[in-house]
Amino acid sequence: MEPEEIAGALADVAGAVARSLVDRRGMSFTTASTLGRLEREGPTRLTALAVAEGVAQPSMTQLVQRLENQGLAARVSDPGDGRVTLVAITDAGREVLAERRRERNARLVRRLAALSEEERRDLGSALRIALPLVRRIVDESAGPGGHPDDIA
């Protein structure tokens with residue numbers, strides 16, 4: 001396959017998997033992604049969160065306020081500069097993410113159970129080969145502030 005064909009196929013796979021696993025009854029993709037980033041990267045400036053998530057600062061301010069109201073995030077002082085306020089995930093936020101991940105994995109397991117044993121074996125073989133390569137591609141393209149696991 002040519003790079004263009006591989007890119008298209010990867011985008012199709014990523015989109016199909018993401019759409020099938022999203023719990024549309026819960027929080028938005030941006031909300032889950034923001035919480036996931038806070039969990040991975042630790043307390044972060046609101047402006048940096050907005051840039052990393054690709055949203056305007058006023059939108060991130062509103063999102064953080066909602067997370068604070070729900071007890072999922074809190075503003076904390078920067079230990080290196082007391083004038084700076086950071087946004088941090090709370091224990092409740094970590095638990096919400098953990099529960100979302102458990103539910104997402106359970107949905108995926110149910111879908112995979114519908115495959116034949118041979119299909120599961122083939123898919124597993126393909127993933128063992130593809131996943132390290134895809135991670136390397138994504139890590140190299142993520143740059144500062146980006147992360148391949150931004151979907152929480």
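Before going into details, it helps to say that this report is about the structure given with it. These numbers come from a predicted model, not from an experiment. (Residues numbered from 1 in each chain as written. Predicted model: local features only at pLDDT ≥ 70, side-chain atom pairs only at ≥ 80, totals over all residues. Heavy atoms only, no water.)

### Quick word on the nonpolar core
The biggest cluster of nonpolar side chains holds 16 residues, and the ones touching the most others in it are Leu35, Leu49, Met60, Val64, Leu67 and Val87. The leading source of residues in this core is helix H4 (residues 57-69), at 4 residues. In this structure, Leu67 is in contact with Thr31, Thr34, Leu35, Leu72 and Ala73, ignoring residues within four places of it in sequence. (Core = buried A, V, L, I, M, F, W, Y, C linked by side-chain atoms within 4.5 Å. Buried < 20%, exposed > 50% of the residue type's maximum accessible area, 1.4 Å probe, protein only. Helix = DSSP H or I, 4+ residues; strand = E, 2+ residues; numbered from the N terminus. Contact = heavy atoms within 4.5 Å.)

### Details of the packing of helix H2 (residues 29-41) against H4
Across the interface, H2 lies against H4 with an axial gap of 11 Å and an inter-helix angle of 75 degrees. The angle between H2 and H4 falls in the class roughly perpendicular. Facing Thr30, Thr31, Thr34 and Leu35 of H2, the residues of H4 in contact are Met60, Leu63 and Leu67. Of the residues in the contact of H2 with H4, the class split is 4 nonpolar, 3 polar and no charged. (Axes fitted to C-alpha atoms, helices over the stretch in contact; angles between N-to-C directions. Parallel < 35°, antiparallel > 145°, perpendicular 65-115°, else oblique. Nonpolar A, V, L, I, M, F, W, Y, C, P; charged D, E, K, R; others polar.)

### Points about the pairing of strand E1 (residues 73-78)
Where E1 meets strand E2 (residues 81-89), 6 bridges bridge the pair, whose relative direction is antiparallel. Bridge assignment links Arg75 to a residue of E2, and that residue is Val87. Counting the residues that bridge the hairpin from E1 to E2 gives 2 residues. (Pairing = 2+ DSSP bridges.)

### Examining the side chain of Asp78
Along the chain, the position of Asp78 falls in strand E1. Here Asp78 sits buried without a salt bridge, and the closest side chain of opposite charge, Arg45, lies 4.8 Å off (N-O distance). Engagement of the side chain of Asp78 in a polar contact is seen with the backbone nitrogen of Gly80, the distance being 2.8 Å. Beyond its immediate sequence surroundings of up to four residues, Asp78 is in contact with Val84 and Leu86. (Lys, Arg positive; Asp, Glu negative; His and termini not counted. Salt bridge = Lys/Arg side-chain N within 4 Å of Asp/Glu carboxyl O. Polar contact = N/O pair within 3.5 Å; in protein donor to acceptor, adjacent residues only side chain to side chain.)

### Examining the side chain of Thr44
By the secondary structure assignment, Thr44 is in the loop between H2 and helix H3 (46-53). Classification of Thr44 as buried rests on a relative accessible area of 12%. There is a polar contact of 2.8 Å between the side chain of Thr44 and the backbone oxygen of Gly42. Leaving out residues up to four positions away in the same chain, Thr44 has contacts with Leu38, Leu49, Leu86 and Val87.

### Re H4
Between its first and last C-alpha, H4 extends 18 Å over 13 residues, near the 18 Å set by a 1.5 Å rise per residue. Among all positions in H4, only Met60, Leu63, Val64 and Leu67 are buried. Down the axis, H4 shows its buried residues gathered within 100 degrees of arc, on one side only. Facing away from the buried side of H4 by over 90 degrees, the exposed positions are Pro58 and Asn69. Residues of H4 that are buried make contact with H2, H3, E1 and E2. Just beyond H4, the residue with positive phi is Gly71, at close to 75 degrees. (Expected span 1.5 Å × (residues − 1). Arc of directions from axis to C-beta.)

### Considering the packing of H2 against H3
Running from N to C, H2 and H3 cross one another at 125 degrees; their axes reach a closest spacing of 11 Å. Between H2 and H3, the angle falls in the class oblique. Between H2 and H3 lies a crossing of right-handed hand. Residue-level contacts link Thr30, Ser33, Thr34, Arg37 and Leu38 of H2 to Leu49, Ala52 and Glu53 of H3. When grouped by side-chain class, the residues that make up the contact of H2 with H3 number 3 nonpolar, 3 polar and 2 charged. (Left-handed = near helix turned anticlockwise from the far one by under 90°.)

The values reported here are purely geometric and, on their own, carry no functional implication.
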